[in-house]
Every structure is written in structure tokens, then in C-alpha cells.
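Examining the three-dimensional arrangement
In case you want the letters, here they are:
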Amino acid sequence: MGILSHFFSTAPKNPDVIMQPRSARVQCSPNIALVKYWGKRDVASNSPVNGSISIGMADCHTVTEVELFPSTRPSVHFTLNGTVCDPPSRLPALLDCFRAVLPVDHGKTVLDRSTLTISSTNDFPTGAGLASSASGLAAIAVALNVALDAPFSDDALAMVAKVGSGSAGRSIHGGFVQWSVDPAEAIEQVAPASHWPELRLLLVEAAADTKKVGSTAGMLRSAATCPFMAARAASAAARLTRVRQAVLDRDFAIVAEEAMADSNELHAVCLASRPAIVYLSGASLAVMGAIHDLNAAAGHTIAGYTFDAGPHAVVLTTAEHAKRVEWRLRELMIDIDAAVGVRDVRPMAIGGQYTVLE
Ligand code: PMV
């Protein structure tokens, strides 16, 4: 076995594992929440104060490769979009989830005897409130599960991924995914993407730099200073039940109206935090206005919007109205100065189940 016998001095259950290369390359997609997570019941485990429900965005991808090399000085090297940078702040907590299930020899797992390199690339805006942390941390969790031959099922892996970034837990399963807190915390697929073929998503990319207040700092600030924080969290449970049922019933008007209300309440909480957390931009407000105008002109709800911790919108509509809604949003690219306005409007397939590439 040569050098590998030193590397794995604990005999693993499956001797074949010794000869496996410790690397994996995987692809994950971000998700957009219709009822959003905002606030932590427990910071260490990223347990949320309220449940959430999301849709996977299949046309956005994070491709992540992990490799482990034997080393007497374990370390982590992280590359994001080709640039060497600090690893995600919660990566150590995610790695601890793997340590807890890996074979131990003299108090050390393979992670404690390795240099870990993680190389991650996004084909959509990074760190700008478009849930790149969701697909990024989900991809790291999936890649480590493969490379380390760890035993996590997809449901368990979702609970590991959410330790790295809350929303990442919802990026393990594709389609419509619920992260519940009651009666116990769990992440499950509500329905696959094929459940609702008429539903359409449009990603409206706004001109923006990376977000100025990270979601963890934002949540903690809101919990400490926003007078409406507890009220929003308390009302989220009923909204989650309503949206889950509306997804199962394919009731577009309820899903769109509740998604807009939830997004607006979240951003109201952010604005009422001290100092105020401002994620929306002029472009975001223009998108909101255009959607309300479209709905008023149609006489019923043909579109809805939702914003995470940044100015980009995800617009919901149906196959019947998709062209009209996209046309109106594209007009905003002309109406507003490109430096502050809408940069792009992209139809976005629903899906987002992870793929192991090799
Ligand atoms: O994944 P985190 O821990 O960065 O939190 C993301 C929170 C929101 O994107 C604003 C809402 C959500 O539920 O995705």
C-alpha cells in the first residue's frame, strides 16, 4: 500500500476505499425561497426561527471540485471563480459534521491528515444576494460526501449543508423544497420540478456589487434591533402552510401573492433594523412597480416577485403570461440607466437536483 498505508492507518470497513482517489466534482444549483428564512434559533447549527420553502433554479450552476492530499499539516485552500480567497466562514462547522461520521485513528480522521483543496465556479452573480452561498455550500457538502465516501443520505446531507449556509440545505433536493422547524427540523422535497410545468421563473439581474451586509450579520442585526422581527417570524408558519398547499394545488395567485408579501415583509424588517439593511436598489423597486402594474392591467395576478439579500429579482409567472412579463421587464433595461438599472432578464428552468460530474 506504500504511502497510502500511512495515510489511512485505520483499516477502513471497505479496503477498496484505500485505493479510491480522494476527489470529486459536482454541480449544484441555487434556490429561491417563496417564504424566506430570516433569523437563527441557534447560530452554531444555523437552525432557523421560521420555516421556509423554495424553488430550485436549474439554469444557474456552481461547479465544485474537492481534492484531498495526505499532509502532516492539514489546511484548506479555497478558490472561487478562479481567485484564491478565504474559505467560507462556516466551512469548519460543515467539516465537523463529516468528522463526526468518519473513521477515527488516534483521535484523527482523514480530514485531519489532509490538505483539502476546494475549487468553486459560478455561472451567475456571486455574493450578491442570489443565493450563491446556497449552491456553493451545498456543492461542497455533496463533493465531500462523495470524495470521503461518507454515509450521508440526501436528507441527512441537506442537514449538513445547512450548517454551512442555511439556504444550502434546500439546494440538495431539486424542485420545491421545504425546510421545517416544527415539530422537528427537517428538509424535504415537497414536489419535483415536473409537478408544475406551467410555472415559469425569470431571473432579473440588477446592476450591483457584492452585498454589503452578509445574511448572518443581517439576521443577527434584525433580531437585536428590529421591532417587527418576532412578528414576522411568528406569521411565517401560517404562510408556509398556505404556500406549501398552494404549490401542491398549483394555485399560482396564492403562491405569487404570498411570495411578494413575504419578500416585502423581510425587506421591511431589514429596513427597520438599526442601522438599516438596504438590499433593494432602484432597479428592484422598478421591477416591483412593473409587476404590480401588469397585475392591475390584467385584473388578476399574472406575476409575482421575490428578492433575497440583494437587488436581483426572481419573477414568477405562468407559461401563458411569460412572454408579456419578460417583455415588460426587458423594457426596464432601456428605461433605466444601465449603471443602476436592470442588466439582464433570463428565463430560468425549475429543477436544481445536484449532479456528480465524475
Ligand atoms: O443561506 P444563508 O444562511 O446565507 O441565508 C439566506 C437567507 C435568504 O436568502 C435571505 C432567505 C432564504 O431563505 O434563502
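Structure first, text after, so check above.
Report on the accompanying structure. Remember, it's a predicted structure, so these values are computed and weren't measured experimentally.

Observations regarding the overall build of the protein chain
The secondary structure content of the protein chain amounts to ten helices and 16 strands. The C-alpha radius of gyration of the protein chain comes to 21 Å, within 12% of the 21 Å expected for a compact globule of 358 residues. A fraction of 74% describes how many contacts in the protein chain between residues 6 or more apart in sequence connect residues 24 or more apart. Put simply, the protein chain shows about 15,100 Å² of open surface, and 56% of that area lies on carbon and sulfur atoms. Once the 29 positive and 34 negative side-chain charges of the protein chain are each reduced to a mean point, those two points are 5 Å apart.

A few points about the site of the ligand
The ligand sits among 13 residues. The nearest are Tyr37, Ser165, Ser167, Arg170 and Ser215. One nitrogen or oxygen atom from the side chain of Ser165 is found 2.8 Å from an oxygen atom belonging to the ligand. Between an oxygen atom of the ligand and a side-chain N or O atom of Ser215, the distance comes to 2.4 Å. Calculation on the ligand without its partners gives an accessible area of 380 Å², and the protein chains cover 94% of this total. Taken together, the residues of the shell around the ligand break down into five nonpolar, five polar and three charged.

What about the packing of aromatic side chains?
With the rule as written, the count across this model stands at five aromatic pairs. Between the aromatic rings of Phe98 and Phe152, the centroid separation amounts to 5.3 Å while the plane-to-plane angle is 85°, which identifies the pairing as edge-to-face. With Phe98 in helix α3 (residues 91-99) and Phe152 in the loop between α4 (132-147) and α5 (154-164), this residue pair connects regions lying 54 residues apart in the sequence. We classify Phe98 as buried; its relative accessible area is 0%. Aromatic pair Tyr305 and Phe307: ring centres 5.7 Å apart, planes at 55°, arrangement tilted. In terms of burial, Tyr305 and Phe307 fall into one category: buried.

As for the pattern of salt bridges
A complete count under the given rule lists 14 salt bridges for this structure. Asp262 is paired through a salt bridge with Arg239; the nearest N and O atoms lie 3.3 Å apart. Separated by 23 residues along the polypeptide, Asp262 in helix α8 (residues 252-271) and Arg239 in helix α7 (residues 229-249) bring together distant segments of the chain. The pair formed by Asp262 and Arg239 is uniform in burial state, with each residue classed as buried.

A closer look at the sheet that holds strand β13 (residues 303-307)
Taken together, the four strands give an open sheet; going across it, the order is β13-β14-β12-β15, and neighbouring strands pair in antiparallel fashion. The outermost strands of the open sheet, each flanked by one partner alone, are β13 and β15 (342-348). For this sheet, the mean inter-axis angle between neighbouring strands, taken without regard to orientation, is 25°. Its contacts with the sheet put α8 on β12 (199-206), β13 and β14 (313-318), and the angle it makes with β13 is roughly 30°. Against the sheet, helix α9 (residues 282-298) makes contact with β12, β13, β14 and β15, and its axis sits at roughly 160° relative to β13, the strand it touches most.

Rules of the game
- Residues numbered from 1 in each chain as written.
- Predicted model: local features only at pLDDT ≥ 70, side-chain atom pairs only at ≥ 80, totals over all residues.
- Heavy atoms only, no water.
- Helix = DSSP H or I, 4+ residues; strand = E, 2+ residues; numbered from the N terminus.
- Rg over C-alpha atoms; globule rule 2.2 N^0.38 Å.
- Contact = heavy atoms within 4.5 Å.
- Areas by Shrake-Rupley, 256 points an atom, 1.4 Å probe, with all protein chains shown as cover.
- Lys, Arg positive; Asp, Glu negative; His and termini not counted.
- Charge placed at Lys NZ, Arg CZ, Asp CG, Glu CD.
- Near = heavy atom within 4 Å.
- Polar contact = N/O pair within 3.5 Å; in protein donor to acceptor, adjacent residues only side chain to side chain.
- Nonpolar A, V, L, I, M, F, W, Y, C, P; charged D, E, K, R; others polar.
- Phe/Tyr/Trp six-rings, centres within 6.5 Å; stacked < 30°, edge-to-face > 60°.
- Buried < 20%, exposed > 50% of the residue type's maximum accessible area, 1.4 Å probe, protein only.
- Salt bridge = Lys/Arg side-chain N within 4 Å of Asp/Glu carboxyl O.
- Pairing = 2+ DSSP bridges.
- Axes fitted to C-alpha atoms, helices over the stretch in contact; angles between N-to-C directions.

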